[in-house]
Amino acid sequence: MTVVTTGPVAALVAALGDAVVTDSATMIAYTRDQSLLSPSGHPIAVVRARTTDHVVTTLKVAHRQGIPVVTRGAGTGLAGGANAIDGCIVLSTEKLDRILAIDEQSRTATVEPGVVNGDLAAAVAERGLWYVPDPGSRDISTIGGNLATNAGGACCAKYGVTGDHVARITAVLADGRIIHTGAATRKNVAGFDLTRLLVGSEGTLAVIVEATMRLRRTPAHTATVVAAFSDAVHAVDAVMDIQAVADPSLVELMDQTTIAAVNDMTHMGLDNTAGALLLIQCDGDAAEAEAERSADACRAAAATELYVSTDPAEGDALMQARRVALTALERRGSTLLDDLAVPVPRLPQMLDAITRIADRHRMLIGTFGHAADGNLHPTIVFDAADPDAADRAHQAFDEMVTRCLALGGSITGEHGVGELKRRYLEPMVGSVERSLMTEIKAVFDPTAILNPGRAI
Ligand SMILES: Cc1cc2nc3c(=O)[nH]c(=O)nc-3n(C[C@H](O)[C@H](O)[C@H](O)COP(=O)(O)OP(=O)(O)OC[C@H]3O[C@@H](n4cnc5c(N)ncnc54)[C@H](O)[C@@H]3O)c2cc1C
């Protein structure tokens, strides 16, 4: 069914032609992200922008008529940030998908926002370069979405999050003006750092239409350690000890529930009797030596099984076990995935709280995450068709966030606030700080059309 094209939609169709979609069967695919429990509404149109001009025109029409605009990359977000709002225009950047330049000398790549993370990584790898940010969704999520959520991933322990790898951004403001942030130079301290402000702004300040991302040389060597423990607390002991002897690029944790789910799905033969598993990867010239020292730290923390590999292909295959953790848990039922970060020394308390909360609410919670960052993804698995179970799941979710805050943690380490975590933002950042964020948004977007009610 095609929605009547009058008013703003007619203006969009007149200006943008077939870039505008009003057919409800097609629009449905653009109404939700992967946070299935966050509310979503019905858009009046979806614009599949193919050029920056399409973005400018869309925003000018929306700005003039006061229509909300939800910018959308691949829709893999886990906080409801790309979910449609009733009466909005969904502005999809998925077709702005060109890699514009790869500059080996400056070690940068300039891309449109719809370029998929893994495609950029593959393109630069052909030239011996490495695009580092590696969210678990790297094969499906876009650079625009990664920037707008400041996505993390496995390698953050050593290399930081997406925002640590961006040099410049071109973006379109709510009224259609184009801004360029950052500089072509390696160093730049001129004025306020607008690049950092746009990073993580979840589509609320501007629409990113181009970005220059920094690249690194591909490490010559990698070495991977897999360590099994009787429980997660011993695994965390090892995480803290490893930090004193090595500088791993990643330290990933999976608890028993997650290990079992991954084994069921992949038949990888992970140690099903283990209470927790650590996957540790070291890179660079000292990779092997660092991996051996990490293995020693695991041994000292009473690891029950240890395996070290210097074969990169094997390392990648082992990492695959961690990458499919969420998908594996999703096969057990509906999931409510959390994203909490605590100071690393407080991980045992957070893990203990998750266990207690699961017991109290009679819920299955599988926990995995980026242990070296203190970033956990406790995932509540439940039957969404059972109202009592859904209610208990939400209570458990709420209690985990509350406990995380009490431990001095962050309500989101990498997925963003979106719709899902908005009620926790003020308790975390403070009321004055939140007001400042609202005031900053008003400067960028005075008529509040960009993803209203999200992120802040
Ligand atoms: C299996 C799986 C694994 C995942 N693993 C990780 C992980 O390891 N680490 C992690 O951080 N996240 C992870 N995620 C979450 C998600 O992939 C990231 O948040 C990702 O950055 C979203 O990118 P996207 O292109 O799908 O953006 P979308 O979901 O489409 O949008 C996300 C937000 O960005 C805004 N946005 C999108 N494009 C633009 C743009 N061009 N300009 C301005 N705003 C924009 C949207 O309005 C929305 O608020 C995972 C998700 C899945 C499904």
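Residues numbered from 1 in each chain as written. Predicted model: local features only at pLDDT ≥ 70, side-chain atom pairs only at ≥ 80, totals over all residues. Heavy atoms only, no water.

For the protein chain, the name recorded in an unreviewed UniProt entry is Glycolate oxidase, with Rhodococcus jostii as its organism. What the UniProt record of the protein chain gives under Cofactor (unreviewed entry) is the line "FAD". Recorded under Sequence similarities (unreviewed entry), the UniProt text for the protein chain is reproduced unchanged: "Belongs to the FAD-binding oxidoreductase/transferase type 4 family." (UniProt positions renumbered as here; feature names shortened; annotations may be inferred.)

Draft legend 1. Seen up close, the nonpolar core. Within the largest apolar cluster, 57 residues are counted, with the highest numbers of intra-cluster contacts made by Phe-229, Leu-278, Met-350 and Ile-380. Elements supplying a minimum of two residues to this core: strand E12 (222-229), helix H8 (232-245), strand E13 (250-255), strand E14 (276-283), helix H10 (287-300), helix H13 (347-360), strand E19 (375-382) and helix H14 (387-406). Ranked by residues supplied to this core, first place goes to H14 with 8 residues. For this core, the domains that each give at least three residues are domain 3 (219-324) and domain 4 (333-414 + 422-447). When residues no more than four places from it in sequence are discounted, the contact partners of Ile-380 are Ser-334, Thr-335, Leu-336, Met-363, Leu-364, Ile-365, Ala-393, Ala-396, Phe-397 and Met-400. If you look at the next biggest cluster of nonpolar residues, it comprises 27 residues, including Ala-154, Tyr-159, Leu-250 and Leu-329. (Core = buried A, V, L, I, M, F, W, Y, C linked by side-chain atoms within 4.5 Å. Buried < 20%, exposed > 50% of the residue type's maximum accessible area, 1.4 Å probe, protein only. Helix = DSSP H or I, 4+ residues; strand = E, 2+ residues; numbered from the N terminus. Domains from an automatic or database assignment. Contact = heavy atoms within 4.5 Å.)

Draft legend 2. Representation of the sheet that holds strand E2 (residues 45-48) in the model. Strand order in the open sheet formed by 4 strands is E1-E2-E4-E3, with mixed pairing between adjacent strands. The two strands at the open ends of the sheet, each matched to only one other strand, are strand E1 (20-21) and strand E3 (69-72). As defined by bridge partners, E1 adjoins E2 across 2 bridges and the pair is classed as antiparallel. Residue pairing in the sheet places Val-20 in a bridge with Val-47 of E2. Along the sheet face, helix H3 (residues 52-65) touches E2, E3 and strand E4 (89-92) and points at about 165° away from the line of E4. (Pairing = 2+ DSSP bridges. Axes fitted to C-alpha atoms, helices over the stretch in contact; angles between N-to-C directions.)

Draft legend 3. Spotlight on the side chain of Asp-445. Along the chain, the position of Asp-445 falls in the segment after helix H16 (431-444). Residue classification places Asp-445 among the buried residues on the basis of a relative accessible area of 1%. A polar contact of 3.1 Å, which involves the side chain of Asp-445, links it to the backbone nitrogen of Ile-449. Setting aside chain neighbours within four positions, we find Asp-445 in contact with Ala-174, Thr-204 and Leu-450. (Polar contact = N/O pair within 3.5 Å; in protein donor to acceptor, adjacent residues only side chain to side chain.)

Draft legend 4. Structural context of the packing of aromatic side chains. Enumeration according to the criterion identifies 1 aromatic pair in this entry. Ring centres of Trp-130 and Tyr-159 lie 5.0 Å apart, and the angle between their planes is 85°; this geometry places the pair in the edge-to-face category. Taken together, the residues span a long stretch of sequence, with Trp-130 in strand E7 (residues 129-130) and Tyr-159 in helix H6 (residues 156-159) at a distance of 29 residues. Accessibility expressed as a relative area gives 11% for Tyr-159, which makes it buried. (Phe/Tyr/Trp six-rings, centres within 6.5 Å; stacked < 30°, edge-to-face > 60°.)

Draft legend 5. Highlighting the packing of helix H1 (residues 7-16) against H3. Contact pair H1 / H3: the axes reach a minimum separation of 10 Å and the direction vectors enclose 160°. Taken together, the axis directions place H1 and H3 in an arrangement best described as roughly antiparallel. Of the two possible hands of crossing, H1 and H3 adopt the one that is right-handed. Here Pro-8, Ala-11, Leu-12, Ala-15 and Leu-16 of H1 lie close against H3, whose contacting residues are His-54, Thr-57, Thr-58, Val-61 and Gln-65. (Parallel < 35°, antiparallel > 145°, perpendicular 65-115°, else oblique. Left-handed = near helix turned anticlockwise from the far one by under 90°.)

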